[in-house]
Amino acid sequence: MKTIENVKLMKQVLINELAQLPEKNIFGDSNDSDQTRLHCWIIDLTYIEKFGTTCDDNSEVSFWYHDECWSPLCDYEDSLKDFEEHEQLLRYAVWLNM
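Rules and cut-offs
- Residues numbered from 1 in each chain as written.
- Predicted model: local features only at pLDDT ≥ 70, side-chain atom pairs only at ≥ 80, totals over all residues.
- Heavy atoms only, no water.
- Axes fitted to C-alpha atoms, helices over the stretch in contact; angles between N-to-C directions.
- Helix = DSSP H or I, 4+ residues; strand = E, 2+ residues; numbered from the N terminus.
- Parallel < 35°, antiparallel > 145°, perpendicular 65-115°, else oblique.
- Left-handed = near helix turned anticlockwise from the far one by under 90°.
- Contact = heavy atoms within 4.5 Å.
- Nonpolar A, V, L, I, M, F, W, Y, C, P; charged D, E, K, R; others polar.
- Phe/Tyr/Trp six-rings, centres within 6.5 Å; stacked < 30°, edge-to-face > 60°.
- Buried < 20%, exposed > 50% of the residue type's maximum accessible area, 1.4 Å probe, protein only.

A. Region of interest: the packing of helix α1 (residues 4-20) against helix α2 (residues 32-51). Their axes nearest at 9 Å, the elements α1 and α2 cross at an angle of 155°. The pairing of α1 with α2 is recorded here as roughly antiparallel in orientation. The handedness of the crossing between α1 and α2 is left-handed. Between α1, through Ile4, Val7, Lys8, Met10, Lys11, Leu14, Ile15, Glu17 and Leu18, and α2, the contact on the second element is made entirely by Gln35, Leu38, His39, Trp41, Ile42, Leu45, Thr46, Ile48 and Glu49. Each residue belonging to the contact of α1 with α2 can be placed in one class, and the counts come to 11 nonpolar, 3 polar and 4 charged.

This is the structure in structure tokens:
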């Protein structure tokens, strides 16, 4: 099970993702379904943040929250971990060059 800190971090990641999501994808199709999905995830995460539990045990957020990672949210989480590792490696490289 994730902690409230994990929930807050994931919520912030999704808010940033939503802010950067263009209205149309590279094929010229609308990203409305992606926007709706991100909104739903953010709402579910806000519910967990406020009440400490999921509102729907069969939602993608619920599966992510309970560490049943077939949810696409796990891809966001893995990407964030990869970025943090890459950022740390860059800091070490800069430190070694100094």
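So, next bit.
B. The arrangement of the packing of aromatic side chains in detail. One pass over the full model with this rule turns up 1 aromatic pair. Look at tyrosine 47 and phenylalanine 51: their rings are 4.7 Å apart centre to centre, the planes differ by 45°, and that puts the pair in the tilted class. With tyrosine 47 and phenylalanine 51 both in helix α2, this residue pair falls 4 residues apart, about one helical turn. On the basis of relative accessible area, phenylalanine 51 is assigned to the exposed category, the value being 57%.

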